[in-house]
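Listed below are the residues making up each chain.
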Amino acid sequence: MADQATRQRVDVLRRELNDHNYRYYVLDDPTIPDAEYDRLLSELETLEEKHPDLVTSDSPTQRVGAAPAAGFETVAHQVPMLSLANAFADDDVREFDRRIREQLDREVIEYAAEPKLDGVAIALRYERGELVLGATRGDGRSGENVTSNVRTIRAIPLRLRGADVPSVLEVRGEIFMTRSGFAALNQGLTEAGDKTFVNPRNAAAGSLRQLDPDVTARRPLHFYCYGAATSDGLPQRHSDILDALREFGFPVSNQVERVQGADGLLDYHRRTLADRDGLDYDIDGVVYKLDDLDQQREMGFVSRAPRWALAHKFPAQEEITRLLDIEVQVGRTGALTPVARLKPVFVGGVTVTNATLHNLDEIRRKDVRPGDQVVVRRAGDVIPEVVRSMVEQRPADSRPWTMPEQCPACGSAVEQVEGEAVARCTGGLVCPAQRMRALEHFASRTAMDIDGLGTRLIEQLVERDLVKSPADLFRLDVPTLAGLERMAEKSASNLVEALDKARQPSLARLLFALGIREVGGVTAANLARYFGSLERLAEASIEDLTAVPDVGPVVAEHVHNFFNEPHNLEVIRALSEAGVKYRPEQVQQGGELPLTGKTYVLTGALESRTRSEAKAALEALGAKVTSSVSKKTTTVIAGSDPGSKLEKAESLGVPVLDESGLDELLGSV
Ligand code: IVH
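The rules behind each value
- Residues numbered from 1 in each chain as written.
- Predicted model: local features only at pLDDT ≥ 70, side-chain atom pairs only at ≥ 80, totals over all residues.
- Heavy atoms only, no water.
- Helix = DSSP H or I, 4+ residues; strand = E, 2+ residues; numbered from the N terminus.
- Buried < 20%, exposed > 50% of the residue type's maximum accessible area, 1.4 Å probe, protein only.
- Near = heavy atom within 4 Å.
- Polar contact = N/O pair within 3.5 Å; in protein donor to acceptor, adjacent residues only side chain to side chain.
- Areas by Shrake-Rupley, 256 points an atom, 1.4 Å probe, with all protein chains shown as cover.
- Nonpolar A, V, L, I, M, F, W, Y, C, P; charged D, E, K, R; others polar.
- Contact = heavy atoms within 4.5 Å.
- Pairing = 2+ DSSP bridges.
- Axes fitted to C-alpha atoms, helices over the stretch in contact; angles between N-to-C directions.
- Left-handed = near helix turned anticlockwise from the far one by under 90°.
- Phe/Tyr/Trp six-rings, centres within 6.5 Å; stacked < 30°, edge-to-face > 60°.
- 1 Å grid on protein atoms, 1.4 Å probe; cavity = no way out; pocket = protein on both sides within 12 Å on 5 of 7 lines; lining within 4 Å.
- Points joined across faces, edges and corners; volume = space filled by probe spheres on them.
- Arc of directions from axis to C-beta.
- Salt bridge = Lys/Arg side-chain N within 4 Å of Asp/Glu carboxyl O.

### Some thoughts on the side chain of S398
Note that S398 resides in the loop between β18 (385-389) and β19 (414-415). A relative accessible area of 10% means that S398 is categorised as buried.

Here you go:
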């Protein structure tokens, strides 16, 4: 037998755990971290294990019990679980209010307005304060006894709070899964290779109907209470009943409000709809209830819905429609995005004709095919997406969709690098979709460094079709340029001069300027040094390419694909015809890198790269990068706010470079 002190400790622990649960789920105001809760719970578990005679069925340790032996039994509801009449339009709401005013002969009606939670309805029966039954709605007259699963949901009290509790109380409410919990659950299921749930409501329903309560216990289920089956011993207003239920330990949505008249209802609907996307759970509308219970009784029921309540739905966020075709859009970076062309469908409050399919992997994973009936989702302002296909309804002759092999914008080859989800057009320099960005990069300071050729000007040149590919830049003359917006004779001739100066880049700069995927300044320099000429680089095999320092299989494939695309070779030829002649490079294969044996120290903030990017770039060229300055330091590279390292360098007579000096160093070697 347990001694007095143990009994007291067990009592204290139970009370504290129940209080913390109440603070967490009902008041939404926890005072201890989860880890502390777990510690208290495990202390109670240990005591109960030692003293089984102290275990009670409503102890916080007793949430997970045995599974029902023969599945769920059917239980009759003592008070039927009704449904609600639905309204979609404001006029339906005005009509609802008008009927009530008329029948009750009142000018203004007071309502309780609540969110309509999108989960699973549940009836919870408490006898002498203890949870004895949890039942699903079923057909409204009888449902399934899911008590063992309901007990695992921590938001549902196993015992009512307070000393003065009714001998019998049946509360009604909604079990639901939070959006964040749903996302985490699905991610876990995906990682385990298991089937995922379509939406939080299905996940909640599936979790509640698990035969093993252990599984339910691990699902992130939550509960909000929205009423009681009978009003015996409870207040006479619905909103007061909800407050009383809160006192008994039930979580109630904090969006419940008391409002007046049709205008109050419609205003509540508008405000709640605006809040919808910010919530961590799905709501599919709002529910209006006559607040006064006497008035409710006077209104009565029709068929299986009360005449004193109304569900005012929000526009559905998911609808089914036909996928007419899958088209491909080319982005500024050359990424190909499959876009669903849909039979127009009203979803999330607007008519949708296009939706994103993200990428080929997604299409394969979801097995979405042209001609399918598909579920389209549009939540708030987010881009509509195709969630899944109704595979069962698919025509027998449907074929899986494949990515086109040629870019729909320019006809260049499409590449899909192993392990990357995104397919890309390889015609960056000629593809109209990518032209703007490719030219911007080509002209930029670290590439061809064409002074005065900024974004605004490039935009005009592209829009007026004056420049299609980089070589066209070098054919621009002063009169053409001077005729553009924000340009004059002087700025035009400066630009022509700058273009002239840019005609003799280093091979490294030219290579970088071509914008080959994943070929940055350092890789371009390494490729230039290794191959010495564009011709030799263009002929290199993947194997040759991977022999270059800093070039892995992915970069090698990008370079190889680039030089295999005839459009790109054409651009290089055109550049040469326009007078662009790169300076030849000393070939240096293997052996020493250009900065081998040199030691650098980086200090202060750099502008166009982080310190660790600068470090990586220097190391790729063979340099050592250390953190403290000594006589052995070759050079200190100082950004803004350099601090004591700069002083030390100056006192030791170590040379110092600023960021543009670093640019030159990286670009010139
Ligand atoms: S009251 C007699 N209030 O909607 C009134 N129901 O169509 C019965 N629901 O299956 C329900 N949120 O599970 C009520 N705040 C709320 C609700 C709500 C969601 C569900 C309920 C029921 C369905 C009624």
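### Digging into the site of the ligand
Of all residues adjacent to the ligand, which total 13 residues, the nearest are E114, L117, E174, Y226 and K289. L117 places a main-chain nitrogen or oxygen 3.0 Å from a nitrogen atom of the ligand. Residue Y226 places a side-chain N or O atom 2.9 Å away from an oxygen atom belonging to the ligand. Here the ligand, which alone exposes 520 Å², has 86% of that area covered by the protein. Contributions of two or more residues to the shell around the ligand are made by β3 (110-117) and β10 (283-290). Of all the elements, β3 adds the most residues to the shell around the ligand, at four residues. When grouped by side-chain class, the residues that make up the shell around the ligand number eight nonpolar, no polar and five charged.

### Some words on the environment of A620
By secondary structure assignment, the location of A620 is in helix α23 (residues 611-620). Along the backbone, A620 and L593 are 27 residues apart, and their C-alpha atoms lie at a distance of 8.3 Å. Those residues within four positions of A620 in sequence are excluded, and the remaining contacts are V522, N526 and L593.

### Describing the sheet that holds strand β5 (residues 130-136)
Paired through their backbone hydrogen bonds, the strands of a sheet run either parallel or antiparallel. Taking strand neighbours across the sheet as the criterion, the four strands line up as β5-β4-β7-β8 in an open arrangement whose pairing is antiparallel. Strands at the two margins of the open sheet, each flanked by one partner only, are β5 and β8 (221-228). Pairs of neighbouring strands in the sheet enclose a mean axial angle of 35 degrees, with direction left out of account. Summarising the sheet, strand β7 (residues 168-177) and β8 pair through seven bridges and their orientation is antiparallel. What sits directly across from G173, in β8, is C225. Packing of helix α8 (residues 238-247) onto the sheet brings it into contact with β7 and β8, and relative to β8 it is tilted by some 135 degrees.

### A look at the packing of helix α3 (residues 90-104) against helix α9 (residues 261-275)
Between two packed helices, the angle of one axis relative to the other and the distance separating the axes together describe the packing. The contact between α3 and α9 brings their axes to 9 Å, and the two run at 145 degrees. α3 and α9 meet at a crossing whose hand is right-handed. Together, D90, V93, R94, F96 and D97 of α3 and G261, A262, D263, L265, L266 and R270 of α9 make up the contact between the two elements. Taken together, the residues of the contact of α3 with α9 break down into five nonpolar, one polar and five charged.

### Overview of the packing of aromatic side chains
If you walk through the whole model with that rule in mind, you get nine aromatic pairs. Between F96 and Y111, the aromatic rings sit 5.8 Å apart at their centres with planes inclined by 35 degrees, giving tilted as the arrangement. Here F96 is found in helix α3, whereas its partner Y111 is found in strand β3, with 15 residues between them in sequence. The same class applies to F96 and to Y111, which are both buried. Arranged with centres 5.3 Å apart and planes meeting at 80 degrees, the rings of Y126 and F250 form a pair that is edge-to-face. Linking Y126 in strand β4 (residues 120-127) with F250 in the loop between α8 and β9 (257-260), this pair joins segments that are 124 residues apart in sequence.

### Side note on the sheet that holds strand β23 (residues 635-638)
With parallel pairing, the four strands of this open sheet are ordered in space as β22-β21-β23-β24. Of all strands in the sheet, those with a lone pairing partner are β22 (624-626) and β24 (656-657), marking the two edges.

### Brief notes about empty space enclosed by the protein
All chains considered together, the criterion is met by one cavity of 30 Å³ or more. Size it by volume and the largest cavity reaches roughly 40 Å³. The wall of the largest cavity is formed by E114, P115, L117, Y224, C225, Y226, V252, S253 and V256. Secondary-structure elements contributing two or more residues to the lining of the largest cavity are β3 and β8. Each residue belonging to the lining of the largest cavity can be placed in one class, and the counts come to seven nonpolar, one polar and one charged.

### Examining helix α6 (residues 200-208)
Of all the positions in α6, only P200, A203, A204, S207 and L208 are classed as buried. Within α6, the buried residues cover an arc of 125 degrees as seen down the axis, which keeps them to one side.

### Topic: the pairing of strand β17 (residues 373-377)
Counting buried positions along β17 gives four out of five residues, so the element sits mostly inside the fold. Pairing of strand β14 (residues 318-330) with β17 involves five bridges; the strand directions are antiparallel. Looking across to β17, one finds that R322 is bridged to Q373.

### Quick look at the pattern of salt bridges
Here the structure, examined in full by the defined rule, presents 45 salt bridges. One salt bridge in this structure joins E36 and R39, with 3.3 Å as the shortest N-O distance. Taken together, the residues E36 and R39, both in helix α2 (residues 34-50) and three residues apart, mark about one turn of the helix. By relative accessible area, which is 27% here, E36 ends up partly exposed. With its nearest N and O atoms 3.6 Å apart, the salt bridge here joins R332 to E440. One end of the pair, R332, is in the loop between β14 and β15 (335-347); the other, E440, is in helix α12 (residues 435-443), and 108 residues separate them in sequence. Ionic contacts of the salt-bridge type, sharing partners, join the residues E110, R237, D240, R258 and D291 into one network.

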